[in-house]
Structures are given as structure tokens and as C-alpha cells.
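Residues per chain, in single letters:
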Amino acid sequence: MLRDITIGQHFPGNSPVHRMDPRMKLLLTIAYIIMLFAGSGNMQHPNFAGLAVAAVFLALLYMAAKIPLKVIAKSLKPILPIILFSSVLNLFFLTGEGAPLVQWGFFTIYREGVAYAVMIAVRIVCLIAGTSLLTYTTSPIVLTDAIERLLKPFAKLKLPVHELAMIMTIALRFIPTLIEETEKIMNAQKARGAQLDAGKLKDRVKALVPVLIPLFISAFRRADELATAMECRCYQGGEGRTRLKSLRMQKSDFAMAAVCIAVFILMGVTSWL
């Protein structure tokens, strides 16, 4: 299950999505998230046309980036219980104006509940897949530069922009490492006879203590080693630092942005129809 989590991983490539300026990708990702919520309707009037446009557009981007859809399907497995839980809550507890579709005891299912449950599930899937595409096609170093450039105006307010960008990128970078470390610790505990997947919920929670303690120790050790390595390389923050590659917008970036904006407008139009 832990190997299915692909958040923070980078898949190198030479596709148009990979070559796109990271600042533009970051801004378009934020705009996609906003339109995903604004253009998918509300509880009373779900906009399935807008959701379909968002899902198809995202699938085309994955095809253009040459990233198999099974990768995102695999990464959705760990959060599948959250998706099902959110959908079931809206399915049973959302009332409608017409006659119920199903009535069993005090559980009543209305047509509006079914529509909203489907909308919530599709919205969560598109949200995770859309944000994951950013990390799949952008290396952590380039993403750090993009975040720092976008936050540069806040440097006038004496905010440590470079340090904030570095912290966010390091945290994102170490997610796969910590997942791999957790799996190693769990396998080691199972080899010693620990029952991590058996028993009641209370027993399972207690069984996680021998996993969490070494995981925290390992995380602090890695952080200390990283800090030592940065000090040995004379890291002093962003003051006076230069970059091997400067970020520059290309015509292809603006063309891709125009296509994305057109899709966002289409999502908005479908919500008004």
C-alpha cells in the first residue's frame, strides 16, 4: 500500500508538459484547482459537464506527458477509503425535493444525494491527479526556483522567500523517502513477529508505536545529515546565490497557457448553462 503513494515523485521526460516553465505550471495548477471547485457546480446543481471537461483535459495532459494513467490510479488506492467515506456521507445524508430513490429504515437516498456523491468523488480524483501532475513533470530543484520567483515580491516585506521555498521543496522531496523508510521498518517489525495488520483497531494502533518511534528517529537523523551537508557546502541562504539555468518564458509556454485558459473558460461556461 505504501508503495502506491507517488506524491512528490518526479518522472523525467522531454514532453511539452515537462519542458513548460515551472512558474506557468504552478500558476495553471492553482487556476485548475480553483476552476475545479468553481466550475463543478454546487450541492443543489452539480455541473457534470464541467467535471467531464476537467477530467478529459487532465487525461490529455497525462497522455501528452507520456505518464501512464495507471500511475495515478495506483496512487489513488491509499485515499480510496476517504473518497468512499465522503461519497457515502453525501449519499445518505443529503435530502432532496422529490421522492426518494431508495428508503431502508432511517436511510434514505435521493437523486440529489447520488449526484452530489458522484461529483465529490470525481472532484477529489481530479484534484489529486491535477496536483500530482505538477510534481510528476517538475524536478524539485526547478520547482524550488519557481516558488521562489513567484514569492519574490514578498521579499520586500522582509519574508525569507528563499528559505520558505527551500523548506516546501525539501518537505515534498522527502515524502517518498519517508514512505520507503516506513515500509522497511514495518517489514522489519513483521519479521520480528509484530502483528501490524491483525487484531482490533486499538491493538493495531498500539502496534504502530514500534514503527513510529524509529521513523521519527530516522527522520531527525536525515534532517541532521542534510543540514550538515548544506553547511559543508557553505550554504548561507538565498543571498548572492546564482543558478545554473535561468527560468525564461517561451512562446510554447504562452501557447499552453492559452489552451488551459480556454479550457477553464469552457468549464465556467458549462456551469452557467
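Read on for an overview of the structure. This is a predicted model, so every value here is computed, not measured. (Residues numbered from 1 in each chain as written. Predicted model: local features only at pLDDT ≥ 70, side-chain atom pairs only at ≥ 80, totals over all residues. Heavy atoms only, no water.)

**Description of the nonpolar core**
Ranked by internal contacts, the top residues of the largest apolar core, which has 30 residues, are Leu28, Tyr32, Tyr62, Ile67, Leu133 and Phe264. Mapped onto this core, the elements with two or more residues apiece are helix 2 (22-38), helix 3 (48-64), helix 4 (69-75), helix 6 (111-136) and helix 11 (251-272). Among the elements that make up this core, the one with the highest residue count is helix 6 (7 residues). Every residue in contact with leucine 133, bar those within four places of it in the chain, is listed here: Leu58, Leu61, Tyr62, Ala65 and Ile67. Listed in part, the 6 residues of the second largest apolar core include Met186, Ala207, Val211 and Leu215. (Core = buried A, V, L, I, M, F, W, Y, C linked by side-chain atoms within 4.5 Å. Buried < 20%, exposed > 50% of the residue type's maximum accessible area, 1.4 Å probe, protein only. Helix = DSSP H or I, 4+ residues; strand = E, 2+ residues; numbered from the N terminus. Contact = heavy atoms within 4.5 Å.)

**Let's talk about helix 5 (residues 80-93)**
Look at helix 5: 20 Å from first C-alpha to last across 14 residues, which is about the 20 Å you get at 1.5 Å a residue. At its buried positions, helix 5 is contacted by helix 6. (Expected span 1.5 Å × (residues − 1).)

**Structural notes on unusual backbone geometry**
Residue lysine 66 is not a glycine yet carries a positive backbone phi of 60°. Tracing the chain through its elements places lysine 66 in the loop between helix 3 and helix 4.

**Examining the packing of aromatic side chains**
Throughout the structure, instances matching the rule amount to 3 aromatic pairs. Seen in terms of ring centroids, phenylalanine 11 and tyrosine 136 are 5.1 Å apart; in terms of plane orientation they differ by 80°. Their pairing is edge-to-face. Of this pair, phenylalanine 11 sits in the segment before helix 1 (16-19) while tyrosine 136 is found in helix 6, placing the two residues 125 residues apart along the sequence. Judged by relative accessible area, tyrosine 136 falls into the buried class, the value being 0%. (Phe/Tyr/Trp six-rings, centres within 6.5 Å; stacked < 30°, edge-to-face > 60°.)

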